[in-house]
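Summary of the model geometry
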Amino acid sequence: MPRTRGASASTPKGLNAFDGMRGIWDSTAMTSTQGLVDGLDAVVTRRFAASGVAWWRQTLERLTGADPGGLAEAFTAASRKVGRQPLALTADERHALTRLGMAEAMIDRSTTDEAARIALLLAVAVGKDGLDLERLVDDVYQSGDNSERQAVLRALALLPEPERFVTLAAEACRSHVQPLFEAIACENPYPAAHFPELNFNQMVIKALFTGVPLARVIGLAARITPELVRMANDYASERTAAGRSVPPDIALITSAGGHRP
Amino acid sequence: MRMFDPHIHMTSRTTLDYQAMADAGITAVVEPSFWLGQPRTHVGTFEDYFRGLLGWERFRASQFGIHHYCTLSINPKEANNARVAQGVIDLLPRYLSKDGVVAVGEIGYDDMTAEEDKYFAAQLELAIRFDLPALVHTPHRDKKRGTERTLALVRDVGFPEERVLVDHNTEETLPLVLATACWAGHSIYPFTKMDEARMVALVRKYGAARILVNSAADWGVSDPLKVPKTVAAMREAGIDEAAIETIVWRNPVAFFGQSGKLDAAELEGSTDVDQRQLFEGNSVLRGQTPVVQGARKPGE
Ligand SMILES: [Zn+2]
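Quick notes on the rules
- Residues numbered from 1 in each chain as written.
- Chains lettered and ligands numbered in written order.
- Predicted model: local features only at pLDDT ≥ 70, side-chain atom pairs only at ≥ 80, totals over all residues.
- Heavy atoms only, no water.
- Helix = DSSP H or I, 4+ residues; strand = E, 2+ residues; numbered from the N terminus.
- Buried < 20%, exposed > 50% of the residue type's maximum accessible area, 1.4 Å probe, protein only.
- pLDDT = per-residue confidence, 0-100.
- Contact = heavy atoms within 4.5 Å.
- Pairing = 2+ DSSP bridges.
- Axes fitted to C-alpha atoms, helices over the stretch in contact; angles between N-to-C directions.
- Parallel < 35°, antiparallel > 145°, perpendicular 65-115°, else oblique.
- Left-handed = near helix turned anticlockwise from the far one by under 90°.
- Nonpolar A, V, L, I, M, F, W, Y, C, P; charged D, E, K, R; others polar.
- Donors = N, O, S within 2.8 Å, 3.2 Å for Na, K, Ca; no water.
- Expected span 1.5 Å × (residues − 1).
- Salt bridge = Lys/Arg side-chain N within 4 Å of Asp/Glu carboxyl O.
- Polar contact = N/O pair within 3.5 Å; in protein donor to acceptor, adjacent residues only side chain to side chain.

1. Regarding unusual backbone geometry
All names here are of chain B. A cis amide bond links Gly105 with the next residue in sequence, Glu106, at an omega value of -10°. Backbone geometry at Asp131 places phi at a positive 55°, although glycine is not the residue there. Mapped onto the elements of the fold, Asp131 is located in the loop between α5 (114–129) and β5 (134–137). Here Asp131 falls in the exposed class, since its relative accessible area comes to 52%.

2. What to know about the confidence of the model for chain A
When the pLDDT values of chain A are averaged, the result is 86; 86% of them are 70 or greater. For the stretch residues 1–30 of chain A, pLDDT sits under 50, and the model shows 54 contacts to residues farther than four places along the chain or on other chains.

3. Considerations on the sheet that holds strand β1 (residues 3–5) of chain B
Residues and elements named next belong to chain B. Reading across the sheet, the eight strands line up as β1-β2-β3-β4-β5-β6-β7-β8 and stay open at both edges, with parallel pairing between neighbours. This sheet does not close on itself; its edge strands, each paired only once, are β1 and β8 (211–214). Here the strands of the sheet are splayed against their neighbours by 25° on average, with no regard to which way each runs. When strand β6 (residues 164–166) meets strand β7 (residues 183–187), the two strands line up parallel, connected through two bridges. Note on β7: the bridge partner recorded for Val166 is Ala184. Here α5 sits on the sheet and contacts β4 (101–108) and β5; the angle it forms with β4, its principal contact strand, is near 165°.

4. Some remarks on the packing of helix α2 (residues 43–54) of chain B against helix α4 (residues 85–96) of chain B
Residue and element names in this part refer to chain B. Between α2 and α4, the least distance of the axes is 10 Å, while the angle of their chain directions is 30°. As far as their axial angle goes, α4 and α2 are roughly parallel. The hand of the α2/α4 crossing is right-handed. Of α4, the residues touching α2 (which contributes Val43, Phe46, Glu47, Phe50, Arg51 and Leu54) are Gly87, Val88, Leu91, Leu92 and Tyr95. Classifying every residue of the contact of α2 with α4 by side-chain character gives eight nonpolar, one polar and two charged.

5. Some points on the coordination of the zinc ion
The protein atoms that coordinate the zinc ion are His7(B) (NE2), His9(B) (NE2) and Glu106(B) (OE), at distances of 2.0 to 2.3 Å. We classify His7(B) as buried; its relative accessible area is 1%.

6. Regarding helix α14 (residues 226–241) of chain A
Between its first and last C-alpha atoms α14(A) spans 22 Å; for 16 residues at 1.5 Å apiece the expected length is 22 Å, and the two agree. Residues of α14(A) that are buried: Leu228(A), Val229(A), Arg230(A), Met231(A), Ala232(A), Tyr235(A), Ala236(A) and Glu238(A). Summarising the contacts, the buried residues of α14(A) are in contact with α13 (197–209) and α15 (251–254) of chain A together with α6 (143–157) of chain B.

7. Concerning the pattern of salt bridges
Residues and elements named next belong to chain B. Considering all chains together, one arrives at 33 salt bridges over all chains under this definition. Measuring nitrogen to oxygen at the nearest pair gives 2.8 Å for the salt bridge that ties Arg40 to Glu78. Taken together, the residues span a long stretch of sequence, with Arg40 in the loop between β2 (26–32) and α2 and Glu78 in the loop between β3 (67–72) and α4 at a distance of 38 residues. Across the pair, Glu78 and Arg40 agree in class, each one buried.

8. Notes on the environment of Glu31(B)
All names here are of chain B. Locating Glu31 in the fold gives a position in strand β2. Classification of Glu31 by relative accessible area gives buried; the value is 0%. In this structure the C-alpha to C-alpha distance between Glu31 and Phe120, which are 89 residues apart in sequence, comes to 19 Å. Not counting residues up to four positions away in its chain, the partners in contact with Glu31 are Ile8, His9, Met10, Thr11, Leu53, Glu57, His68, Tyr69, Cys70 and Thr71. A polar contact of 3.1 Å, which involves the side chain of Glu31, links it to the backbone nitrogen of Met10.

What follows is the structure, given as structure tokens:
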């Protein structure tokens, strides 16, 4: 799949209004990224043991500054520093993060290390012209363990010009590591907002195939096309021919008819 | 009965599996190159993988009396990986002509992208150039459409159908494949793809001609004894011995024999099991007493 950078680079910033569904807050992309960093910073800081806060402050300041050196190391270290507990947000925190454009379903499942890692990636993206964010994100992803990779996938929709990460996200959909697949396919607004039809359809059929409830796919209803309906019907027929059960939530697709893409 | 598992990823299995396979009557395997569960990021790791299939893995199999052959390719999933795909295509000519490489494969479709089209066709061209048959994987998702598209591409490229083995068939795809001159493989898996009882029903309905079964065992939930287990199920269902032997021996030998690299006489005998042998200084033994058996002569 070709990288989509060329297309996105020519799109002037500021055309998109806030779109909570897609998790994009644009118009001034820089400000929104900074806003997200601040929002996540507040949440993460409250969950640090006192001993870890100094490291967090220092790291975040360094990455937000001109030289984003040490992203990969900090990204890896984050889970040991802040722990891997469920975020367990207060109502106020939850409200603040969703207002910043994060998907509710995603933050409700998030953990402290994941939130910290998303904040670190966003911090690097703040106001650095000429930074090859694509390469940086790809490097953190490729060298990451499964939980690091999940955090990268959870961050994609929030990064500036997110459409440039389609190749990476589509690769994650091909993974046999189920938690990785679910990190992009479930509770994540990225695929519905940015995937071409082929990749989106393959992801949805794989969700059916691996027993993932379709209700976890954000934005599915708006992306149902006649082709996806055809694929879902064929899948039901294949299961029936093999003497196997058909997942009942397939009706979310097959009874929808399908919009023209 | 001697058996042939024409699709198994031994690299991800242990010597205990080799021993169990040999005990169950498997004397030959084809190991298609495939992906490792997560995408590779360097072309060099493919080259070492190919060398491992031709070297260490072949030796390991021979230590259990099993003839090991392989097929080489960029697999359908990683055809989408721009970091490596073209590099692997450039690497293949160096390895396709080697002894023991009995087809180009597994190639075919996964997501059915434009890249997959491109590398599928390119590798069929390589198979023509190196006078090899092709082992074609069919996708897990959207399988029927994927199979139709596979057969259409084979036709478009002008690749001889009788030199194509279309693998991982189901009730819905087998009639499509048999309507062409291609061969049809079936992967018998514990939970997905195809099971023994369904396979018996397919053999009852379609017979044995151009039909193969394999375990497709790899690092996933899979069973390297699925070929002997399917033989047992077919026997129990009253399918005659000649038909069973066609499916688990004559067909794979005939199909991969088209490479000119399956020596029938060699296959009929067994490999010399001499576990005292070393491969580049390494033994498969971990403190056990080595087994030494003379080669059986054909018909023995
Ligand atoms: Zn395979």
